[in-house]
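# Geometric and topological summary
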Amino acid sequence: MKDFFLLGALVLLVVGLFYFFLPPKGINPVYGYRTPSSTKNDENWEVANKWASRLFLGLSAVMCLLLYINQDLKLMDSDDLFITSFLVGIALIFAVVELKLWRMNKE
């Protein structure tokens, strides 16, 4: 079962690489970082997706590393570590990107 969560983190890494190398080209309803502030205009969309793709790639890499290390050290249950790191990471991504957009629009 522990390999399942490492595989999940690797899938997130692949998605992060895809999102990084093939970012959405324009505001669309299907693919990209979609919040009211990111869809406000094209500049916000580009900045939000640039930042989100890099942060998501970093999150997925950190999750892979944590789960790999945790397999040997058994510091935490794998499912708890996966869920916790994913939720905290996603919350941090949203916070960082939204703060960036807020600062950008404030200027």
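Residues numbered from 1 in each chain as written. Predicted model: local features only at pLDDT ≥ 70, side-chain atom pairs only at ≥ 80, totals over all residues. Heavy atoms only, no water.

## Notes on the overall build of the protein chain
Stated formally: Runs of E in the DSSP output that reach at least two residues are strands. Runs of H or I that reach at least four are helices, and both are numbered from the N terminus. The cut-offs for exposure are 20% and 50% of the maximum accessible area for each residue type, with area from a 1.4 Å probe on protein chains only; residues under the lower value are buried, those over the upper are exposed, and the others partly exposed. Residues are treated as being in contact if the distance between any of their heavy atoms lies within 4.5 Å. Counted as positive: Lys and Arg. Counted as negative: Asp and Glu, with His and the chain ends omitted from the count. Where a charge sits is defined by one atom per residue type, namely NZ (Lys), CZ (Arg), CG (Asp) or CD (Glu).
Across its full length, the protein chain carries three helices and zero strands. For the protein chain, the α and β elements follow one another from N to C terminus as α-α-α. For the C-alpha atoms alone, the extent of the protein chain along its principal axes is close to 45 × 25 × 15 Å. Counting all 107 residues of the protein chain, 35% fall into the buried class. Here the contacts in the protein chain between residues at least 6 apart in sequence split such that 62% fall between residues at least 24 apart. Charge centroids of the protein chain, computed over 10 positive and 10 negative side chains, lie 8 Å from each other.

## What to know about the packing of helix α2 (residues 42-73) against helix α3 (residues 78-106)
Spelled out, the test is: Here an axis means a line fitted to C-alpha atoms, over the contact stretch when the element is a helix, while the angle between two N-to-C directions is reported on a 0 to 180 degree scale. Should an angle fall under 35 degrees it is called roughly parallel, over 145 degrees roughly antiparallel, and 65 to 115 degrees roughly perpendicular, with every other angle called oblique. Crossing handedness follows the turn of the near helix against the far one: under a right angle anticlockwise gives a left-handed crossing, and clockwise gives a right-handed one. Only Asp, Glu, Lys and Arg are considered charged in this grouping, and only Ala, Val, Leu, Ile, Met, Phe, Trp, Tyr, Cys and Pro are considered nonpolar; every other residue, Gly among them, is considered polar.
Axis separation between α2 and α3 bottoms out at 9 Å; the angle between their running directions is 155 degrees. Of the possible angle classes, the one that applies to α2 and α3 is roughly antiparallel. Handedness of the crossing formed by α2 with α3: right-handed. Classifying every residue of the contact of α2 with α3 by side-chain character gives 19 nonpolar, six polar and two charged.

## Considerations on the nonpolar core
Under the convention used in this document: Here the nonpolar core consists of buried residues drawn from Ala, Val, Leu, Ile, Met, Phe, Trp, Tyr and Cys, with membership extended through side-chain atoms lying within 4.5 Å.
Residues Ala9, Tyr33, Met63, Leu67, Phe82, Val97 and Leu101 are the most contacted members of the largest nonpolar core, which totals 20 residues. Counting only elements with at least two residues in this core, the list comes to α1 (2-21), α2 and α3. Here the element with the most residues in this core is α2; it accounts for eight residues. Dropping the residues within four chain positions of it, leucine 101 is found in contact with Ser37, Ser38, Asn44, Val47 and Ala48.

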